[in-house]
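# Remarks on the overall topology
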Amino acid sequence: MSEEIVIQLKHPVTYTADKFEGGGERTLEELRLPPRIKAKHLRAMDQAKGEIGKVLALVMAMTGLPQAAVDELDSADVEAVTEALAGPLSGSPGTGPTSSG
């Protein structure tokens, strides 16, 4: 069985946890993604606007992290996540409407 994908953040994130996480400040040093992308993860992408928004929505769906944490990710770390997801996503159907032209 495949193991989860662990991405060490080059720039750890400190964020304020919401009441469902118990509140207080949290530091995020790594992202742990499940080994497989499921339909429920892909569905979250359809709700987001823009390519980066879709990637960040996918990260939130796969990790369960709140938007407050994901919004603080450094662009270098977003790029690392995008690269890690590129392989698994290449076999997935497209999400949402696309424009041709």
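In the block above lies the structure referred to throughout.
Counting restarts for each chain: residues are numbered from 1 in the order of the written sequence. Since the coordinates come from a predicted model, pLDDT governs what is reported: local features require at least 70, and pairs of side-chain atoms require 80 or more to be given and counted, while whole-chain, interface and lining totals use all residues. The side-chain values count all of the structure's non-hydrogen atoms but skip hydrogen atoms and water molecules.

## Considerations on the pattern of salt bridges
By convention in these notes, a salt bridge is any Lys or Arg side-chain nitrogen within 4 Å of a carboxyl oxygen on Asp or Glu. In total, this model carries two salt bridges according to the counting rule given. A salt bridge links R32 to E4; its shortest N-O distance comes to 2.3 Å. A residue pair is termed long-range when its members are at least 10 positions apart, and R32 in strand β2 (residues 25–33) and E4 in the segment before β1 (5–16) qualify at 28 residues. Residue R32 is classed as partly exposed on the basis of its relative accessible area, which comes to 41%. Accessibility here uses a 1.4 Å probe with only protein chains present; expressed as a share of the type maximum, an area under 20% marks a residue as buried, one over 50% as exposed, and anything in between as partly exposed. With relative accessibility at 40%, the residue E4 sits in the partly exposed group. Here E30 and R32 are joined by a salt bridge, their closest N and O atoms 2.7 Å apart. The partly exposed category is assigned to E30, whose relative accessible area is 23%. Taken together, the salt bridges that share partners define one network made up of E4, E30 and R32. The numbering of helices and of strands both runs from the N terminus, where a helix is a DSSP run of H or I of at least 4 residues and a strand a run of E of at least 2.

## Observations concerning the side chain of D77
Examined against the element boundaries, D77 turns out to sit in helix α4 (residues 75–90). His residues and chain termini do not enter the charge count, which takes Lys and Arg as positive and Asp and Glu as negative. Buried and unpaired, D77 has no salt bridge, with K10 as the nearest side chain of opposite charge at 6.0 Å. Within polar-contact distance, the side chain of D77 engages the backbone nitrogen of K10 at 2.7 Å. Here a residue-residue contact requires only that any non-hydrogen atoms of the pair lie within 4.5 Å. For D77, the contacting residues outside a window of four places in its chain are Q8, L9, K10 and H11. Any N or O atom pair separated by 3.5 Å or less is treated as a polar contact, with the protein-specific requirement of one donor-capable and one acceptor-capable atom, and with residues adjacent in sequence counted only for side-chain atom pairs.

## Notes on the side chain of K54
Inspection of the secondary structure assignment puts K54 in helix α2 (residues 51–63). Buried charge without a partner: K54 forms no salt bridge, and the closest opposite charge is D46, 5.0 Å away. In this structure the side chain of K54 is engaged in a polar contact, spanning 3.2 Å, whose partner is the backbone oxygen of M45.

## So, helix α1 (residues 39–46)
Among all positions in α1, only H41, L42 and M45 are buried. Viewed end-on, α1 has its buried residues packed into an arc of 95°, placing them on one side of the element. Seen from the buried face of α1, the exposed residues on the opposite side, beyond 90 degrees, are A39, K40 and R43. Taking the helix axis as origin, the arc is that swept by the directions to the C-beta atoms.

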